[in-house]
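Secondary and tertiary structure notes
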Amino acid sequence: MTRVSAKRRMQYRYSAVNQGMRNLLRDNPWPDFDYGSIEPFVLPLGSSRAAGIDLILAAIADHNVVTMVEIGVFVGGRSRRWLDSQEDLVVIGVDMWDYDWDDYVAEAAKFPTGSWGISDLSDTEIKEIGGHLRQHGNFRVCMNNLDAYRDRFFPVRRIASEALTNLKDRHIAVDLIYVDGFRRSTDLEKAHELFPDAILCGENWQWPDSEGRLAMQEIVKTFAAVNGLEVETSEQVWVLRKPTAKADLNLTTAANQGLTNLRRDNPWPEFDHGTIKPFHLSLDGNGQAGREIIEKILIDKDIKTMVEVGVFLGGSARQWLKCKKDLLVIGVDPWNHNWADYLADASKDPVQSRSFSAFTETEVAEIVTNIRDHGNFQVALNNMREFQDRFVPVRRFSPEALVYLKARQIDVELIYIDAFKRSLDLEKAYELYPDAILCGDDWLWPDANGKLVMQDIVKAFAAAHGFEVESKRQSWVLHKPAA
Ligand SMILES: C[S@@+](CC[C@H](N)C(=O)[O-])C[C@H]1O[C@@H](n2cnc3c(N)ncnc32)[C@H](O)[C@@H]1O
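The rules behind the values
- Residues numbered from 1 in each chain as written.
- Predicted model: local features only at pLDDT ≥ 70, side-chain atom pairs only at ≥ 80, totals over all residues.
- Helix = DSSP H or I, 4+ residues; strand = E, 2+ residues; numbered from the N terminus.
- Contact = placed C-beta atoms within 7 Å.
- Buried ≥ 20, exposed ≤ 12 C-beta atoms within 10 Å, placed from the backbone.
- Near = placed C-beta within 6 Å.
- Nonpolar A, V, L, I, M, F, W, Y, C, P; charged D, E, K, R; others polar.
- Pairing = 2+ DSSP bridges.
- Axes fitted to C-alpha atoms, helices over the stretch in contact; angles between N-to-C directions.
- Parallel < 35°, antiparallel > 145°, perpendicular 65-115°, else oblique.
- Arc of directions from axis to C-beta.
- pLDDT = per-residue confidence, 0-100.
- Core = buried A, V, L, I, M, F, W, Y, C linked by C-beta atoms within 7 Å.

Things to note about the overall build of the protein chain
Helix and strand counts for the protein chain stand at 17 helices and 14 strands. Considering only residue pairs separated by 6 or more positions, the protein chain has 71% of its internal contacts joining residues 24 or more positions apart.

Section: unusual backbone geometry
Note on backbone geometry: most residues besides glycine have negative phi, and most peptide bonds are trans. Geometrically, the link from S398 to P399 is a cis peptide bond, its omega value of 5 degrees lying close to zero. Mapped onto the fold, P399 is located in the loop between β10 (391-394) and α15 (400-407). One non-glycine residue, N204, lies in positive phi territory at about 70 degrees. Following the sequence through the fold, N204 ends up in the loop between β5 (199-202) and α9 (215-227). For N204, a count of 22 C-beta atoms within 10 Å translates into the label buried.

Concerning the site of the ligand
In the vicinity of the ligand there are 19 residues, among which G310, F312, G315, S316 and S398 approach most closely. In the shell around the ligand, the residues fall into eleven nonpolar, five polar and three charged.

Re the sheet that holds strand β9 (residues 328-332)
Read across the sheet, seven strands follow the order β10-β9-β8-β11-β12-β14-β13 without closing on themselves; strand pairing throughout is mixed. Edge positions in the sheet fall to β10 and β13 (468-472), since each has one partner strand and no second. Shown here is a sheet whose adjacent strand axes are inclined to one another by a mean of 20 degrees, direction ignored. Inspection of the sheet shows β13 paired to strand β14 (residues 475-479) by five bridges, in the antiparallel sense. By the bridge assignment for β14, S471 is matched with W476. Contacting β13 and β14, helix α17 (residues 453-465) crosses the sheet at an angle of about 155 degrees to β13.

Looking at the sheet that holds strand β7 (residues 237-241)
With mixed pairing, seven strands are arranged side by side in an open sheet as β3-β2-β1-β4-β5-β7-β6. The sheet is open, and its two borders are formed by β3 (153-156) and β6 (230-234), each paired with just one other strand. Adjacent strand axes in the sheet meet at a mean angle of 20 degrees, parallel and antiparallel pairs treated alike. Where strand β1 (residues 67-71) meets strand β2 (residues 90-94), five bridges bridge the pair, whose relative direction is parallel. Note on β2: the bridge partner recorded for I71 is V94.

Re the pairing of β3
When a strand is regular, its side chains alternate between the sheet's two faces. Where burial is concerned, the two faces of β3 agree: the one with F153 and P155 and the one with F154 and V156 are both buried. Of the pairings in the sheet, the one linking β2 to β3 comprises four bridges and is parallel in character. Directly across from G93, in β3, lies its bridge partner P155.

A word on the environment of F377
Relative to the helices and strands, F377 resides in helix α14 (residues 361-383). Under the C-beta neighbour-count criterion, F377 is labelled buried, with 20 such atoms within 10 Å. Counting along the chain gives 40 residues from F377 to H337, while the straight-line C-alpha distance between them is 8.6 Å. If near-sequence neighbours (up to four positions away) are discounted, F377 is found in contact with P269, W335 and R395.

Some points on the packing of helix α7 (residues 160-169) against helix α8 (residues 185-194)
Two numbers describe how α7 lies on α8: the axes approach to 9 Å, and their chain directions differ by 10 degrees. On the basis of their axis angle, the class for α7 and α8 is roughly parallel. On α8, the residues that touch A160, S161, L164, T165 and K168 of α7 are T186, D187, K190, A191 and L194. The residue inventory of the contact of α7 with α8, partitioned by class, reads four nonpolar, three polar and three charged.

Details of α8
The complete set of buried residues in α8 reads D187, L188, K190 and A191. One face of α8 carries all of its buried residues, which in axial projection span an arc of 165 degrees. In this structure, the buried residues of α8 make contact with β1, α7, β4 (176-179), β5 and α9.

Here's the deal with the confidence of the model for the protein chain
The pLDDT averaged across the protein chain works out to 87; a share of 89% of its residues lies at or above 70. In the predicted structure, residues 245-249 sits below a pLDDT of 50 and forms three contacts with residues beyond four places in sequence or in another chain.

Overview of the nonpolar core
Core analysis: the largest hydrophobic core is formed by 60 residues, its most contacted members being M306, V329, A380, L414, I415 and C439. Of the residues forming this core, the biggest block, six residues, is contributed by α14. Setting aside chain neighbours within four positions, we find C439 in contact with I294, I297, L414, Y416, W476, V477 and L478. Core analysis: the next-biggest nonpolar cluster, separate from the first, contains 58 residues, V75, W101, L167 and V237 among them.

This is the structure in structure tokens:
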């Protein structure tokens, strides 16, 4: 047999015969089963009595959702709610539907009514359901529950991220994605990456993990902040939407405006600055990042207020503050991880170690230990302490942080971007501050495939908005051509 080349396989994958709803159903058929033998049932698992579910039904209705994806269908309880709410709605149900979850149902049934378990069924009914699951498995039982909707419910039996990619390849337009799989951020990220215009929503807002942490709430809040989305919640349910002007209203009162109040609400942490010696560590190959083009702009344009997105340990922020004595830097960074191990590795890497050449091995070890003990935030601000009057730490993610600054009517003349190489930060910076000079780092940073990601992003952005790009090694600045 001749081997099909990878290129040819890709052609098959993208060919028209694999596209569209009809072919999705062809390739994901309903299982052969006697659909009359078990009485369909609704099993409200997870949060009792569908708490807050009306918020999702409203999102479906208000946004004229025609096609939605449900990740984590189990036995179809929620799917029926969506399908009953709109007679022309199509639900693509994504689940592995492996095994039978008889034990899980029995366990859930032990939770008290009104809590996390199954509150609406009698013990006999629950036992009966367990028996069906054991005998027929999750998949068939779910399909049996949804039999009446077989023209509008399309089962896709795959892992979430892979299923979403498959839908994208098939050019399926998706208006809303409901995420109720395992409580992790990757499904959300993939959904948003592939279907950026789809409304994202889900449940488990108040679900506590074994340590009592509201895990899903933390995931959703961080995801919303990173992607500049608004969260609306109702009991267990959350919905993410693109921000509306309305959301900023509560920040536009005088009490929340201006630099004084920005400082008031973003105070420096209280810690013993004396115990760690400040150090100057920039991930700039020991001054080889071409940052002099940024310094020149700061001076030539007499910049008084700038935002730095991605401060890390303050290396570049210190550079700007030293080069211009009346400059104020608003430093945006979540400082939410501990990068001790990353620094230890970088200091040994043949290329990255250049940034550490001013330090002895003992000094690097000391930095690593301090970060491990005190965290990125404390060590970064300790490094910035001599600039306490000219550095405002804003512990948030861009682009949400930029929306926050704008709502507070902070004038920003320059925005320097040195974060996670995403076009969103640049686009939002321009949308909110069209007159600010936009610049940043990572011009020559290659991803795992050798692609110069930030350079591509900046060039595409410059072309779309009529900017000229100046670059030097890692640094770049966007200029508006003289009229
Ligand atoms: C390469 S480091 C910055 C290095 C620093 N500018 C210097 O030269 O010393 C990247 C930083 O970006 C931060 N970061 C990542 N995503 C961000 C976001 N969406 N908003 C703000 N900061 C972000 C990380 O926490 C990290 O501290």
